[in-house]
Amino acid sequence: MKVAISTDGEDVSAHFGRCPSFTIVDIQDSKIVSKEIIDNPGHHPGYLPQFLHEKGAEYIVAGGMGGRAQILFNENNIKSVMGIFGKIDDILGQICNGTLKGGESLCRPGAGKGYGLDKSECDHDDHDN
């Protein structure tokens, strides 16, 4: 399975669309067979789901994302796992062990375009990593 993780340094980024990079990992038989960090090509409506689909991603792991993005990922056959925070290596261990548990998106509705606002950051709670 191929997983894309929204990445900010060594941590999972709170918001997938505005993360500095993505960690793309291929996992087979509970082992990492390849790992690549790629720069985020930009936050344009509808672009990232298609971009990550072309990279072969089957899952997107992030702290949060908006509802429209979740729909677009679903349309590209990519499952969204939200509510994740912490160190990338710890999250990869949980994925390999089958213990990663997603939750609600850390982003609140109205955090971006379409609500009369054009924010550079998402409205989400910070988590201690």
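The coordinates are above.
Small disclaimer: the values here were computed from a predicted structure and weren't measured.

J.: Can you walk me through the overall build of the protein in this structure?
T.: In terms of helices and strands, the protein carries 3 helices and 6 strands. Reading the helices (α) and strands (β) of the protein from amino to carboxyl end gives β-β-β-β-α-β-α-β-α. Taken across its 129 residues, the protein has 43% of its residues classed as buried. As displayed, the protein has an accessible area near 7300 Å², and 45% of this comes from carbon and sulfur atoms.

J.: Help me understand helix α2 (residues 67-75), please; the structure alone is not making it clear to me.
T.: For the α-helix, the turn length of 3.6 residues means that residues three or four positions removed from each other point alike. Residues of α2 that are buried: A69, L72 and F73. Buried residues of α2 fall within an arc of 100° about the axis and therefore sit on the same side. Of the exposed residues in α2, the ones pointing more than 90 degrees away from its buried face are R68, N74 and E75. In the core, the buried residues of α2 are packed alongside α1 (47-54), β5 (59-61) and β6 (79-81). At the C-terminal side of α2, N77 shows a positive phi close to 60°.

Rules and cut-offs
Residues numbered from 1 in each chain as written. Predicted model: local features only at pLDDT ≥ 70, side-chain atom pairs only at ≥ 80, totals over all residues. Heavy atoms only, no water. Helix = DSSP H or I, 4+ residues; strand = E, 2+ residues; numbered from the N terminus. Buried < 20%, exposed > 50% of the residue type's maximum accessible area, 1.4 Å probe, protein only. Areas by Shrake-Rupley, 256 points an atom, 1.4 Å probe, with all protein chains shown as cover. Arc of directions from axis to C-beta. Contact = heavy atoms within 4.5 Å.

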